[in-house]
Amino acid sequence: MRSWLRGLPPSGAKRASNGYSIHGVDGRSLDQSGAMIDLQGITKVYETDAGPFLALKGIDLQVMPGEFVSVVGKSGSGKSTLINMFTGIDHPTEGEAIVARTRIGQLDEGQMAVWRGRNMGIVFQFFQLLPTLTVIENVMLPMDLCQVYDPDERYERAHHLLDQVGIAADADKFPSAVAGGHQQRAAIARALANDPPIVVADEPTGNLDSKTADAIYQLFESLVAGGKTILMVTHDSELAERVPRTLTLADGEIVNEVVRAPASGQVLNPVAKHRVPDLPDAEE
Ligand SMILES: Nc1ncnc2c1ncn2[C@@H]1O[C@H](COP(=O)(O)OP(=O)(O)OP(=O)(O)O)[C@@H](O)[C@H]1O
Ligand SMILES: [Mg+2]
């Protein structure tokens, strides 16, 4: 494990006994699937002026606990839509998402907000820090919303998270006064606020120079080493290829899947179960 993850504040003291922080939805937590993210036949149809648009076409996907998965695909292929389906930001038209042992489609809006806050840290391309809050207040916000940690623990935990991502000195600055790479580190600290098992990132390095992108990627590697499950959408094919498992989306379908040995980046097992005939081989 990398040094920045060592010594994180203790987590879990107030967590549910099922280990995945499913609060207030007793009877809906599931144990039969070992997957952390289990998508079953997810279809998404958007109603547009031009008629229904099929953005996702029956996606089946299992991501196991501790996996680091990258998702690539052209603009418009459905990557963000896919994320929206299992973060509860939007609902599938058909199919079911079972995440951290919860059928998220069964949660009402209030349950969903709390469930998401406790189980999932989300990192976006443009950081999406609240501009009127300082960096440390941004990190404390999810803790205030979800109340996993006692009020008197929150400041200290937020400070520690900022320290661990290397930007403790920025704690009291407003986001506008902080460089992009540091804003993204702050967004990662915010994503970790409630110690969620899952981190989801939609183009987290899309707005960063390559050196900063590399540093952010290393933070993700550290998180995986610490036991998090990460799904990262990226346009950066070099970055995607450093991740042990890469899925390619095209026109709302998973059209390729590659699994690599984490250390060497060598392709071990190109699964390609959804491969379409006219795509190049993943091993190229
Ligand atoms: N709310 C919406 N209403 C109608 N169509 C939508 C909506 N959201 C997305 N789409 C369409 O669904 C398709 C997939 O969009 P999505 O944003 O998931 O793509 P993406 O792979 O994330 O693209 P990018 O790389 O540009 O972020 C696109 O054709 C998009 O125009
Ligand atoms: Mg997108």
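Quick notes on the rules
Residues numbered from 1 in each chain as written. Chains lettered and ligands numbered in written order. Predicted model: local features only at pLDDT ≥ 70, side-chain atom pairs only at ≥ 80, totals over all residues. Helix = DSSP H or I, 4+ residues; strand = E, 2+ residues; numbered from the N terminus. Buried ≥ 20, exposed ≤ 12 C-beta atoms within 10 Å, placed from the backbone. Contact = placed C-beta atoms within 7 Å. Pairing = 2+ DSSP bridges. Axes fitted to C-alpha atoms, helices over the stretch in contact; angles between N-to-C directions. Near = placed C-beta within 6 Å. Nonpolar A, V, L, I, M, F, W, Y, C, P; charged D, E, K, R; others polar. pLDDT = per-residue confidence, 0-100. Parallel < 35°, antiparallel > 145°, perpendicular 65-115°, else oblique. Left-handed = near helix turned anticlockwise from the far one by under 90°. Expected span 1.5 Å × (residues − 1). Arc of directions from axis to C-beta.

Engineer: Requested: an account of the overall build of the protein, with residues and values cited.
Structural biologist: Each helix and strand in the protein was counted, giving seven helices and ten strands. Within the protein, the proportion of its 284 residues that are buried is 43%. Sequence separation of at least 24 residues holds for 67% of the intrachain contacts in the protein that already meet a minimum separation of 6.

Engineer: Mind laying out the sheet that holds strand E1 (residues 37-48), listing which residues take part and the relevant values?
Structural biologist: Consider a sheet: its strands pair through backbone hydrogen bonds, and that pairing is either parallel or antiparallel. One open sheet accounts for four strands, arranged E2-E1-E4-E5; its pairing is antiparallel. At either end of the open sheet lies a strand with only one pairing partner, and these are strand E2 (51-63) and strand E5 (102-103). Docked against the sheet, helix H1 (residues 79-87) engages E1, E2 and strand E4 (94-99), running at close to 120° with respect to E1.

Engineer: Tell me about the site of ligand 1, and please be specific about residues and values.
Structural biologist: For ligand 1, the full set of nearby residues is Tyr46, Thr48, Phe53, Ala55, Gly73, Ser75, Gly76, Ser77, Gly78, Lys79, Ser80 and Thr81. If you list the elements that add at least two residues to the shell around ligand 1, you get E1, E2 and H1. Of the residues forming the shell around ligand 1, the biggest block, three residues, is contributed by H1. Looking at the shell around ligand 1 residue by residue, the class counts come to three nonpolar, eight polar and one charged.

Engineer: Give a detailed account of the confidence of the model for the protein, specifying residues and quantitative values.
Structural biologist: Per-residue confidence for the protein gives a mean pLDDT of 83; residues scoring 70 or more make up 80%. Every residue in residues 1-31 is under pLDDT 50, and counting partners more than four places away or in other chains gives 53 contacts. Of the regions scoring below 50 in pLDDT, residues 264-284 engages in 34 contacts with residues more than four places distant in sequence or in other chains.

Engineer: Outline the pairing of E1, supporting the account with residue identities and numerical values.
Structural biologist: The sheet contact formed by E1 and E2 spans ten bridges and is antiparallel. Note on E2: the bridge partner recorded for Thr48 is Gly51. Where E1 folds back onto E2 in an antiparallel hairpin, the turn is made up of two residues. Where E1 meets E4, five bridges bridge the pair, whose relative direction is antiparallel. Note that in E4 the partner of Asp38 across the bridge is Ile98.

Engineer: Before we move on, could you go through the sheet that holds strand E8 (residues 229-233) and cite the residues and values that matter?
Structural biologist: Strand order across the open sheet formed by six strands is E6-E7-E8-E3-E9-E10, with mixed pairing between neighbours. The open sheet has two free edges, formed respectively by strand E6 (120-124) and strand E10 (253-259), since each of these has just one partner strand. The average angle at which neighbouring strand axes cross in this sheet is 15°, direction not considered. Of the strands in this sheet, E6 and strand E7 (198-202) are in contact with helix H5 (residues 180-191), which crosses E6 at around 165°.

Engineer: Please provide a residue-by-residue account of the environment of Ala261, values included.
Structural biologist: Residue position: Ala261 is located in the segment after E10. For the pair Ala261 and Pro244, spaced 17 residues apart in sequence, the C-alpha separation works out to 6.2 Å.

Engineer: How would you sum up the packing of helix H3 (residues 135-146) against helix H4 (residues 151-164)? Please name residues and give values.
Structural biologist: The interhelical angle for the contact between H3 and H4, taken along N-to-C directions, is 125°, at an axis separation of 9 Å. Comparing the axis directions of H3 and H4 gives the class oblique. Seen along the crossing, H3 lies across H4 with a hand that is right-handed. Along its contact with H3, which presents Val135, Ile136, Val139, Met140, Met143 and Asp144, the element H4 presents Arg154, Tyr155, Arg157, Ala158, His159, Leu161 and Leu162.

Engineer: Hey, could you go over the environment of Met120 for me, with residue numbers and the actual values?
Structural biologist: By secondary structure assignment, the location of Met120 is in strand E6. Along the primary structure Met120 and Asn194 are separated by 74 residues, whereas in three dimensions their C-alpha atoms are 8.6 Å apart. Met120 has contacts with Thr87, Pro196, Ile198 and Val200, leaving out every residue within four places of it along the chain.

Engineer: Go over H4, please, and point to the residues and values.
Structural biologist: Its 14 residues give H4 an end-to-end C-alpha distance of 20 Å, which sits within 8% of 20 Å, the value for a rise of 1.5 Å per residue. Buried residues of H4: Arg154, Arg157, Ala158, Leu161, Leu162 and Gln164, and no others. End-on view of H4: buried residues confined to an arc of 155°, all on one side of the axis. In H4, the exposed positions angled more than 90 degrees off the buried face are occupied by Asp152 and Glu156. Looking at the buried positions of H4, the neighbouring elements they touch are H3 and H5.

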